[in-house]
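Examining the three-dimensional arrangement
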Amino acid sequence: MLPRKRAVGGEAVVAEGEEDNCSAGSLKKPRISTATTGTTETTGNVNSNSNSSIGNNNSNHSRGDAKPPIMALGEGNPPDIDEDLHSRQLAVYGRETMRRLFASNVLISGMQGLGAEIAKNLILAGVKSVTLHDEGSVELWDLSSNFIFTEDDVGKNRALASVQKLQELNNSVVISTLTTELTKEQLSDFQAVVFTNISIEKAIEFDDYCHNHQPPISFIKSEVRGLFGSVFCDFGPEFTVFDVDGEDPHTGIIASISNDNPALVACVDDERLEFQDGDLVVFSEVQGMTELNDGKPRKVKNARPYSFSLDEDTTNYGAYEKGGIVTQVKQPKVLNFKPLKEALKDPGDFLQSDFSKFDRSPLLHLAFQALDKFIMELGRFPVAGSEEDAQKLISFACNINDSSTVGKLEKIDQKLLHHFTFGARAVLNPMAAMFGGVVGQEVVKACSGKFHPLFQFFYFDSVESLPTEPLDPSDLKPINSRYDAQISVFGAKLQKKLEDAKVFIVGSGALGCEFLKNVALMGVCCGNQGKLIITDDDVIEKSNLSRQFLFRDWNIGQAKSTVAASAAASINRRLHIEALQNRASPETENVFDDTFWENLSVVINALDNVNARLYIDQRCLYFQKPLLESGTLGAKCNTQMVIPHLTENYGASRDPPEKQAPMCTVHSFPHNIDHCLTWARSEFEGLLEKTPAEVNAFLVNPIEYASAMKNAGDAQARDNLERVIECLDKERCETFQDCITWARLKFEDYFANRVKQLTFTFPEDAATSNGAPFWSAPKRFPRPLQFSIDDPGQLHFVMAASVLRAETFGIPIPDWVKSPMKFADAVSKVIVPDFLPKKDVKIVTDEKATSLSTASVDDAAVINELIMKLEKCQKKLPPGFRMNPIQFEKDDDSNYHMDLISALANMRARNYSIPEVDKLKAKFIAGRIIPAIATSTAMATGLVCLELYKVLHGGHKMEDYKNTFANLALPLFSMAEPVPPKVIKHQDMSWTVWDRWILGDNPTLRELLQWLRDKGLNAYSISYGSCLLYNSMFPRHKERMDRKLVDLAKEIGKAELPTYRRHFDVVVACEDDEDNDIDIPQISIYFR
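Structural notes, computed from the coordinates. Nothing here was measured: the structure is a model prediction, and the numbers come from that model. (Residues numbered from 1 in each chain as written. Predicted model: local features only at pLDDT ≥ 70, side-chain atom pairs only at ≥ 80, totals over all residues. Heavy atoms only, no water.)

Topic: the overall build of the protein chain
- The secondary structure content of the protein chain amounts to 28 helices and 34 strands.
- Over its C-alpha trace the protein chain gives a radius of gyration of 33 Å, about what one expects of a compact globule, namely 31 Å for 1088 residues.
- Looking at the protein chain residue by residue over its 1088 residues, the buried ones come to 56%.
- Here the analysis covers contacts within the protein chain between residues at least 6 apart in sequence; of these, 73% occur between residues at least 24 apart.
- Per element, the accessible surface of the protein chain, about 46900 Å² overall, is 48% carbon and sulfur. (Helix = DSSP H or I, 4+ residues; strand = E, 2+ residues; numbered from the N terminus. Rg over C-alpha atoms; globule rule 2.2 N^0.38 Å. Buried < 20%, exposed > 50% of the residue type's maximum accessible area, 1.4 Å probe, protein only. Contact = heavy atoms within 4.5 Å. Areas by Shrake-Rupley, 256 points an atom, 1.4 Å probe, with all protein chains shown as cover.)

Describing the sheet that holds strand β13 (residues 280-284)
- Strand order in the closed barrel formed by six strands is β11-β12-β15-β14-β13-β16, with antiparallel pairing between adjacent strands. Neighbour-to-neighbour, the strand axes of this sheet turn through a mean angle of 45 degrees, independent of strand direction.
- Pairing analysis gives five bridges linking β13 to strand β16 (residues 325-329), with the strands arranged antiparallel. The residue bridging S284 from the neighbouring strand is I325, located in β16. (Pairing = 2+ DSSP bridges. Axes fitted to C-alpha atoms, helices over the stretch in contact; angles between N-to-C directions.)

Points about the side chain of S230
- The residue S230 is located in strand β9 (residues 228-234) in this model.
- Of the residues examined, S230 reaches a relative accessible area of 7% and is grouped as buried.

So, the sheet that holds strand β21 (residues 577-580)
- If you walk across this open sheet you meet the eight strands as β21-β20-β19-β22-β23-β24-β25-β26, and the pairing is mixed. Edge strands, defined here as strands with exactly one partner in the open sheet, are β21 and β26 (972-976). Averaged over all pairs of adjacent strands, the angle between their axes in this sheet comes to 10 degrees, without regard to strand direction.
- Sheet topology places strand β19 (residues 502-506) next to strand β22 (residues 602-605); four bridges connect them, and they run parallel. Within β22, the position partnered with F504 by the bridge is V603.
- Strands in contact with helix α15 (residues 610-623) are β19, β22, β23 (627-633) and β24 (636-642); relative to β23, the strand with the most contacts, it is inclined by about 165 degrees.

Structural notes on the nonpolar core
- Among the nonpolar cores identified, the biggest contains 173 residues, and L166, I505 and V524 are the most heavily contacted of them.
- Sort the elements by how many residues they give to this core and helix α26 (residues 934-953) lands first, with 11 residues.
- Not counting chain neighbours up to four residues away, the residues in contact with I505 comprise F515, L516, V519, L532, I533, I534, T535, I604 and A606.
- By size, the runner-up hydrophobic cluster in this structure holds 80 residues, among which are L687, C733, F747 and W775. (Core = buried A, V, L, I, M, F, W, Y, C linked by side-chain atoms within 4.5 Å.)

Remarks on a nonpolar patch on the surface
- A contiguous nonpolar surface patch, about 220 Å² in accessible area, is contributed by F965, L970 and L972.
- Relative to the helices and strands, L970 resides in the loop between β25 (963-967) and β26. (Patch = residues over 30% accessible without salt bridge, like charges linked within 9 Å, V, L, I, M, F, W, Y side chains within 5 Å. Salt bridge = Lys/Arg side-chain N within 4 Å of Asp/Glu carboxyl O.)

Quick look at the pairing of β21
- Sheet topology places strand β20 (residues 531-535) next to β21; four bridges connect them, and they run parallel. Directly across from I533, in β21, lies its bridge partner E578.
- One crossover worth recording links β20 to the parallel β21 by way of helix α13 (residues 560-571), and it is right-handed. (Right-handed = clockwise from strand over helix to strand, strands pointing away.)

Concerning helix α2 (residues 113-125)
- Taking 1.5 Å per residue as the helical rise, α2 with its 13 residues ought to reach 18 Å, and the 19 Å between its terminal C-alpha atoms agrees with that figure.
- Burial within α2 is extensive, with 13 of its 13 residues counted as buried.
- One or two positions beyond α2, positive phi appears at G126, with a value near 95 degrees. (Expected span 1.5 Å × (residues − 1).)

Describing the packing of aromatic side chains
- According to the stated counting rule, one finds 50 aromatic pairs in the structure shown.
- Here the aromatic rings of F458 and F973 are separated by 4.7 Å at their centres, their planes lie at 15 degrees, and the arrangement is stacked. In this pair, F458 is assigned in strand β18 (residues 457-461) and F973 in strand β26, connecting sequence segments 515 residues apart.
- With a relative accessible area of 3%, F973 lands in the buried category.
- Taken together, a centroid distance of 5.2 Å and an interplanar angle of 35 degrees make the contact between F504 and F592 tilted. Taken together, the residues span a long stretch of sequence, with F504 in strand β19 and F592 in the loop between β21 and α14 (594-598) at a distance of 88 residues.
- Judged by relative accessible area, which is 3%, F592 ranks as buried.
- Pairwise contacts between aromatic rings join F195, F206, F219, F228, F232, F350, F368, F420, F457 and Y459 into one cluster.
- Here the basic side chain of K120 rests over the ring of F549, its NZ or CZ set 5.1 Å away from the ring centre.
- Over the aromatic face of F881 sits the side chain of R732, whose NZ or CZ is 5.9 Å from the ring centroid. (Phe/Tyr/Trp six-rings, centres within 6.5 Å; stacked < 30°, edge-to-face > 60°. Lys NZ or Arg CZ within 6 Å of the ring centre and 35° of its normal.)

Here's the deal with the pattern of salt bridges
- All told, the structure shown has 63 salt bridges when counted by the stated rule.
- Between E589 and R619 there is a salt bridge; the shortest N-O distance is 3.9 Å. Here E589 is found in the loop between β21 and α14, whereas its partner R619 is found in helix α15, with 30 residues between them in sequence.
- Note on E589: relative accessible area 19%, which makes it buried.
- Ionic contacts of the salt-bridge type, sharing partners, join the residues D134, E139, D142, R158 and R425 into one network.

Notes on the pairing of strand β7 (residues 192-195)
- Judged by which residues are buried, β7 turns out to be covered on both faces: A192 and V194 on one side and V193 and F195 on the other are all buried.
- Both strand β4 (residues 105-109) and β7 contribute to a ladder of four bridges, which runs parallel. Of the residues in β7, the one forming a bridge with V106 is A192.
- Regarding the hand of the β-α-β motif, the stretch spanning β7, helix α4 (residues 200-212) and strand β8 (residues 218-225) is right-handed.

What follows is the structure, given as structure tokens:
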């Protein structure tokens, strides 16, 4: 069982009778007494066999008796957004979309595996309410795909059995149930309704009602049948999409605009323009041609990387002088959905996922209709392996095709329909996870108007996941097991392979939680020989709870891997799982040693950074283990299959590195808010972490610190000493008023004096050495700020800086700090000295410069003098004085960290006339928050687990595997075969990056050289790590010929070879007999 939720005010409603009016004010909250007993105590009239009246025609979710109008998009007065909890989701959706979600009521009908996955994703997203409908009872069959149910739930109503565990995911969502037959009138209480197990006849009836309702109710029908799935969306006759892709509007910095028809707009080559023909843009800050600053959207033509034409005659406009920003205007889009009855006959264009299956969707359109007819006529699903049932379904499909007037198929693939028929009853967990992500995202779109809906049919299959050999019908029969549904598709033999697998999952965050749930339901590592190891060195934070669904609020601060492993074992008690808290890295190769890697069947990455992925990739490459790789970024996800000898490895291709702004741009010439936030983060760390840490390093061991500075003797050492002296001398704080003084003077320094100095050194009319204006785009001319205690932003900067400065000095913070009037009074007491700009101040303008410190010939002499000053400062300090360095923590809104960083950035933005941002947006950028939502995570892991079937079966070809890129916002699905590894050939041999040559019996250097000569290779260099063991150019190296390689590695390479290591690796440079270099595999030397 999943960890139980403590009583913190969540609502789980199971009300009685269809005639009861059940307002939100009267809904009763079941109180779960403790996290361990699992005892549920409810108040009010609750009956386990009753139906909830939520969704009933006589009920509503409002307070009082009057029924408010229900809008197509969720509106009303939702609760405040918990930014700590939803920060990653806010980074994807934004506040307005989240507010609409928080006001939306959703119905999910059909609580088998797919319904459970959709419900999970929507509850994590935070809709207002989810009503679960199911008339059926839990069967053992359901346990193949539904993470909510256990063997103890068999026989209970599916909806009722789901409530408590789904409620644990998010206490702010009202979860209720309906357990009797739905009527179409009950749908009027919802913004969106989802059906996962409904006949086409009933679906048409419900969809017609939703389509014609005022306002329309978004209708989604989705099914998972074995390795086949479908989605149909109808959001009404006119549905407005407010933001089709969720991307920020594109911008450009203008370099010139011609007086022409059409006008040519050129932008600086700082970044490529992302405009497309037909885009609408607005202009601002244009000097000279001010007619363009009217805010009127204008159309882009002939878009190019750094220029575009404007569909406007500017011949008679003022001549362009300088400046200007051009910004894309995102336009709403209205979609006209057809009702299901019409769409079935004329489906239009299907959303494609795999262009190698371009003709598959029309056939699956027929197949799902044929299955519906089969069930209607026979009253049951087809039996797995039954040829008679397959022929019956094929006959239905042919009849439907023959009667079609639009899109009639010339040929029907009967083999594919056999596969479809045999698995028709099964809901497989990977398919449910994938479609749970897709459908969950469509519901979000329906409730918010954010992102482009699926229009209107999507069909998908993964028949490549089936075993390569024909399946015996007897192998598909149920064995009264929780895996019976999976066995009906793949057979008992593959099930045994899954159960006996040895799997390593690296990471137990959002991806890791989903993977653990999936493998537990699939039965992976649940046999006597099976073993699942999961490792993660991180602990649970509040922000994890909106996606990492195995965690609860009381788990905050606990080890992720341990909690996740325990929760996964509660999904399937047979799971053999071990949780570790080690980071998989070179430092832990004593834990993850050769034996560990050699025994693995497959590795699944659930990581969030490239370097860790590259390390695991190298380990899998070395030990020739399959690696299943995936990642998400907001609504986007990708999967990559790394299969020994069949595909290239993860590290074979890299994304280009992110473009970094030059240091001089960040420090003196910012032109966007990202530059301001990068600077703010740097200043925060310098003032509050690095300088206090330097102070402590000196105070702990003054002699050693002084010696280190003298030995360094460079500009960096000089700067460090100057900062330490400044901190302990003239900027040392002893009272909170000292901290306020320091903060107020910092404001003056940052936002007034430095700007005055910069504009004194480079006046507005300054020119470069070649005569061009110095302050030309993208540079923006700054203006100093005049401090005012009446300016909330300026006062907030001083407050946040004062509080954090006090924290570094261990000074108590008085309560009156939070009183704006009292704090302003304290700030007004600070005396600010006048500032006069200096001549000959050097300001770095070279974009290639990597440091602002300028070296000096007399650095060493200055350092000696500074050390003497520092020693004098030390004598004035109280005994045992230490500072408290502050490490930046973005996810605690009470610690003033983001307050200071956002204030620093916004004041700097104000200097340069750059639009300011709120604290949340600042947190996303400065905190480098990766946007994340549950839907894309679920989809990625479902796709990976479809590949896991292939890997653990072991007989698939490269063309059977699929790499995927998907963007649920568009929506876009792109699946393709992996890329094969590069093959190197020499004589009659060939090898790839997957090959590793092994030489055993503890060889000598001579034996290795001869072994290579026998392959037609002449080795001229052999190295271990960075040490050269042999080079043919060095005569003395020939004296090493008869020495054991292991001895050379220990003596020359200083190799430390612990007892668990049986080999070491050498890199050999070779050439053939024609002196051509040959790139050979790494060679492993086994010495014991």
